[in-house]
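What follows is each chain in one-letter form.
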Amino acid sequence: MKNVTIIGASHGIGAAVTAAFHARGDQVTAVARNPGGLNDLAARHPGIATLAGDATDPAVASTLLRDLPDIVVLAAGAPAANTPFHQLDWDTFSQNWQGDTRMAFNLLKAAVLQPMKPGAVVIVISSGAAINGSPISGGYGGAKRMQLFLAGYAQKEAQRAGRDTRFFALAPAEIMAQTEFGLAAAQAYGVYNGTTTERFLGGAGFTSEADLGSTLA
């Protein structure tokens, strides 16, 4: 049995990952900003621990690592703008840098600086937009790309320090249309491309968040 901490556990990918690890018999700590969402999650999966906290706060990341989890999954993130960049102001364009990238920065920095359990694994859920871009997602693709870089930087620093902590960033190649954010993106791309959501997904494909959760577990 592993001690698993999942950040952004109350919905979407985070909820699927939580369900998968809980079903495997691991001790799961579910973290999210919304206490109501965590209460609903705990009702569906009796036995998980919950903690309300904002991962953009560096103190939250440090606190989560004090229990020396075996596996940490960062699945939290801000929604993409779903609007072409030239129609955005800078604050809206950069919201994923202030959310997704900032959370990854806080978590990975803490995981490098604080003692971790031998063989601990830290996983950041990035996006295929980090590889291919996303022309109607504002700064989302760039923010997710930086998550990939940060995971690589953290791995190098752990190796330089002689530690065996492993860092990964996963970039699902297809839209996860079963999540709230994924469906919104698919709908926006359907409009952007002058087609329907269904036809867009038929061409682009989509990944189930449940499949991703099972893969991680």
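Above this text you will find the structure in question.
Participant: Which parts of the structure should I look at to understand the overall build of the protein chain?
Facilitator: The helix and strand tally for the protein chain stands at 10 helices and 6 strands. Going through the 217 residues of the protein chain one by one, you find that 50% of them count as buried. For the protein chain, the share of sequence-separated contacts (at least 6 apart) that also reach a separation of at least 24 residues comes to 67%. Of the roughly 10,400 Å² of accessible surface on the protein chain, 54% is carried by carbon and sulfur atoms.

Participant: Would you mind showing me how to read the sheet that holds strand β2 (residues 27–32) here?
Facilitator: By way of backbone hydrogen bonds, the strands of a sheet pair with one another, either parallel or antiparallel. One open sheet holds the 6 strands; their spatial order is β3-β2-β1-β4-β5-β6, and the pairing between them is parallel. Looking at strand neighbours, the two that pair on one side only are β3 (49–52) and β6 (166–170), the edges of this open sheet. Within this sheet the neighbouring strands show an average axis-to-axis angle of 15°, counted without direction. Bridge analysis of strand β4 (residues 71–74) against strand β5 (residues 121–125) gives 4 bridges, and the strand direction is parallel. By the bridge assignment for β5, L74 is matched with V124. Of the strands in this sheet, β5 and β6 are in contact with helix α7 (residues 140–160), which crosses β6 at around 165°.

Participant: How should helix α3 (residues 58–65) be read in this particular structure?
Facilitator: An α-helical turn contains 3.6 residues, so a residue and the one three or four places further along point in the same direction. Residues of α3 that are buried: V60, A61, S62, L64 and L65. Looking at the buried residues of α3, the elements they touch are β1 (3–7), β2, β3, β4 and α5 (95–113). Capping the start of α3 is the job of one residue whose side-chain oxygen sits 2.9 Å from the backbone nitrogen of A59: D57.

Participant: Just to check I follow, could you spell out unusual backbone geometry for this structure?
Facilitator: Glycine aside, the phi torsion of most residues is negative, and most peptide linkages are trans. The residue L68 is not glycine, and still its phi comes out positive at about 55°. Along the chain, the position of L68 falls in the loop between α3 and β4. A relative accessible area of 35% means that L68 is categorised as partly exposed. Even without glycine at this site, N82 takes up a positive phi of about 55°. Mapped onto the fold, N82 is located in the loop between β4 and α4 (90–93).

Definitions and limits used
Residues numbered from 1 in each chain as written. Predicted model: local features only at pLDDT ≥ 70, side-chain atom pairs only at ≥ 80, totals over all residues. Heavy atoms only, no water. Helix = DSSP H or I, 4+ residues; strand = E, 2+ residues; numbered from the N terminus. Buried < 20%, exposed > 50% of the residue type's maximum accessible area, 1.4 Å probe, protein only. Contact = heavy atoms within 4.5 Å. Areas by Shrake-Rupley, 256 points an atom, 1.4 Å probe, with all protein chains shown as cover. Pairing = 2+ DSSP bridges. Axes fitted to C-alpha atoms, helices over the stretch in contact; angles between N-to-C directions. Polar contact = N/O pair within 3.5 Å; in protein donor to acceptor, adjacent residues only side chain to side chain.

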